[in-house]
Amino acid sequence: MIMAPIADVSSRVNHTDSWRIQKPIIDYSKCIRCMICWKFCPDACIDVVDGGAIAAPSERTLKMEAPVIDMDYCKGCGICANECPEKCIEMVLDEKGED
Amino acid sequence: MRRGKIKMRVMQKHNAIMTGNEAVAVGVKLARVGFVSAYPITPQTTIVEKLAEMVANDDLDAKYIEVESEHSAMAAVFASELAGVRSYTATSSHGLLYMHEMLHWTAGQRLPVVMSVVNRALGPPWNIWSEQTDTMNQKDTGWMQVYCESNQEALDTILMGYRIAESQDVMLPLMSMEDAFILSHTSEPVIIPEQEKVDEFLPKLDLKFRIDLKNPMGYGSYTPPDGPFMELKKDLMESMKNSREVIQKVTGDFARTFDRDYSGLIEQYRMDDAKYALIASGTLASTGKYVVNQLRDEGEKVGLIRLRFFRPFPDEEILSAVSNLESVGVLDRSISLAANGFTATEVRSALYGKSDIPVTGFTAGLGGRDVRIDDFLDMFKTTKKGKGGNHYINVKEVK
């Protein structure tokens, strides 16, 4: 039998976290939930989650949906940190490339 | 009465006079191809024109789509073949070059597509005549390659091509070549095989891994360096090697069914007691054979080896065919810019360390320039001297 490049599993199993050198950490106490990071993420690996954060700048913000980074796919490009208007995403060294 | 029906009756008499391109279209119809994608380019266009006519007249039950480029023509064939439908397209020259990326995809995905290519020179300068550089440039894409010598062979190669490509031991695409105008637009007598015999020879395509909406799979998806990437490439190479045996078997079956024997990967012409010979492919081999007959009449012990397949390259067959020769010449109607002839290079590589006969390379007939009897006499004479090297044939002094 010949081999053909056909996969019986979803491409979701292809994690790209090991491509990462730095990882983004969101300081939720400063995050105003503008979702600019979500819009700019080139890998679509920022999810918008209801009650995704425990901290917020205000009581009203705490009730809003929050951005959560999927560390299985984040390649650490830093675009989210660069675009964040509140400067509340910090890129920190991620030596293992794993979350 | 509809025109198509009348034609069928003529066909059943088992002979017709038709151009190479018409013969190819008849082959595609007999192979019961279910999908054709088409983008026009001279000198291929009349193949897909004929197929369009057949589909419009209900002579061929196939889906026919016109696409916006050759890249899309091959992408469409890739998708339809993956859905389990026997698929076909045709192209030439710059169109084939534009298709290059998708050629790798089709072979890499192990899809047994058959495509016709009418060999035409590459620009610049602009030229539409016969030359094989376009397909020689595709020799590394994982496609099998057949160079036809007659309109009959062009028809028959479509039928044999699908049988070989769809073999479970091969599962690789195949391109079948005609020389521009010399075959594509020139009429010759052709025997049209009976449909029942063709159906028996070429069963329906059964693609084991075809797209199944109920059981979705990832096709050609991302594979990291430690995934089975290298293993897949090695397996493709193994299948290319296995195809030799399949080609021998299928040409044998074809000879038994249709009484026309193409003798596998190469054809040997008057090689029995030959002392020197020329290796050639396509219609130039016909002129070569004519000259071999002339030289034989003069008492020369000369023969000709016609390459039918360039991929897989018939290295063992050539090694055995030249074993009793004193010298061999290789004729390329193509040019590898910055290297020597494509075939000459492959022949030298096939003989390296196994045979020490001198190999003389010839480049001739570029851009459709005539290669005449005198040119062949020159080539045979130079080959006989056995001094090797690479020579241009019939190139004028430019002042």
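Analysis parameters
- Residues numbered from 1 in each chain as written.
- Chains lettered and ligands numbered in written order.
- Predicted model: local features only at pLDDT ≥ 70, side-chain atom pairs only at ≥ 80, totals over all residues.
- Heavy atoms only, no water.
- Disulfide = S-S within 2.5 Å.
- Buried < 20%, exposed > 50% of the residue type's maximum accessible area, 1.4 Å probe, protein only.
- Axes fitted to C-alpha atoms, helices over the stretch in contact; angles between N-to-C directions.
- Helix = DSSP H or I, 4+ residues; strand = E, 2+ residues; numbered from the N terminus.
- Parallel < 35°, antiparallel > 145°, perpendicular 65-115°, else oblique.
- Left-handed = near helix turned anticlockwise from the far one by under 90°.
- Contact = heavy atoms within 4.5 Å.
- Buried area = accessible area lost by both parts, 1.4 Å probe.
- Polar contact = N/O pair within 3.5 Å; in protein donor to acceptor, adjacent residues only side chain to side chain.
- Nonpolar A, V, L, I, M, F, W, Y, C, P; charged D, E, K, R; others polar.
- Pairing = 2+ DSSP bridges.

Student: Even after reading the chapter, I still don't get the state of the cysteines, so can you show me in this structure?
Tutor: Two cysteines form a disulfide when their sulfur atoms are joined by a covalent bond. Residue and element names in this part refer to chain A. Under the definition given, this model contains zero disulfides over all chains. Sulfur of C45: no disulfide; nearest cysteine sulfur belongs to C41 and is 3.8 Å away. We classify C45 as buried; its relative accessible area is 6%. Just so you know, C88 is unpaired, no disulfide at all, and the nearest cysteine sulfur is the one on C84, 3.6 Å from it.

Student: Can you help me understand the packing of helix α2 (residues 20-30) of chain B against helix α3 (residues 45-56) of chain B in this one?
Tutor: Helix packing for two helices is described by the angle between their axes and how far apart those axes are. All names here are of chain B. Running from amino to carboxyl end, α2 crosses α3 at an angle of 45°, the nearest separation of the two axes being 8 Å. Comparing their axes, α3 and α2 come out oblique. Crossing handedness for the pair α2 and α3: right-handed. In contact with N21, E22, V24, A25, V26, V28 and K29 of α2, α3 contributes T46, I47, K50, L51 and M54.

Student: What is the right way to read the environment of E70 of chain B from this model?
Tutor: All names here are of chain B. Tracing the backbone shows E70 in helix α4 (residues 70-82). Looking at E70, the relative accessible area reads 7%, which means it is buried. Counting along the chain gives 26 residues from E70 to L96, while the straight-line C-alpha distance between them is 7.0 Å. Beyond its immediate sequence surroundings of up to four residues, E70 is in contact with Y39, P40, I41, T91, G95, Y98 and M99.

Student: Honestly, the interface of chain A and chain B in this entry has me stumped. Any pointers?
Tutor: Where the parts come together, the accessible area they lose is often given as the size of the interface. Across the boundary between the two partners, chain A contributes 10 residues, which contact 19 residues of chain B. Summing both sides of the interface, chain A and chain B together bury roughly 1300 Å²; the carbon and sulfur share of this comes to 68%. Taken as a group, I2, M3 and P5 of chain A account for 48% of the area that chain A buries against chain B, more than any other trio of residues on that side. At the junction of chain A with chain B, the criterion picks out four residue pairs in polar contact (both at pLDDT 80 or more). When the residues that make up the side of chain A that touches chain B are grouped by side-chain class, the tally is eight nonpolar, one polar and one charged. Examined bridge by bridge, strand β1 (residues 6-7) of chain A and strand β9 (residues 218-219) of chain B share two bridges and lie antiparallel to one another.

Everything listed is a geometric property; what it means functionally is a separate question.
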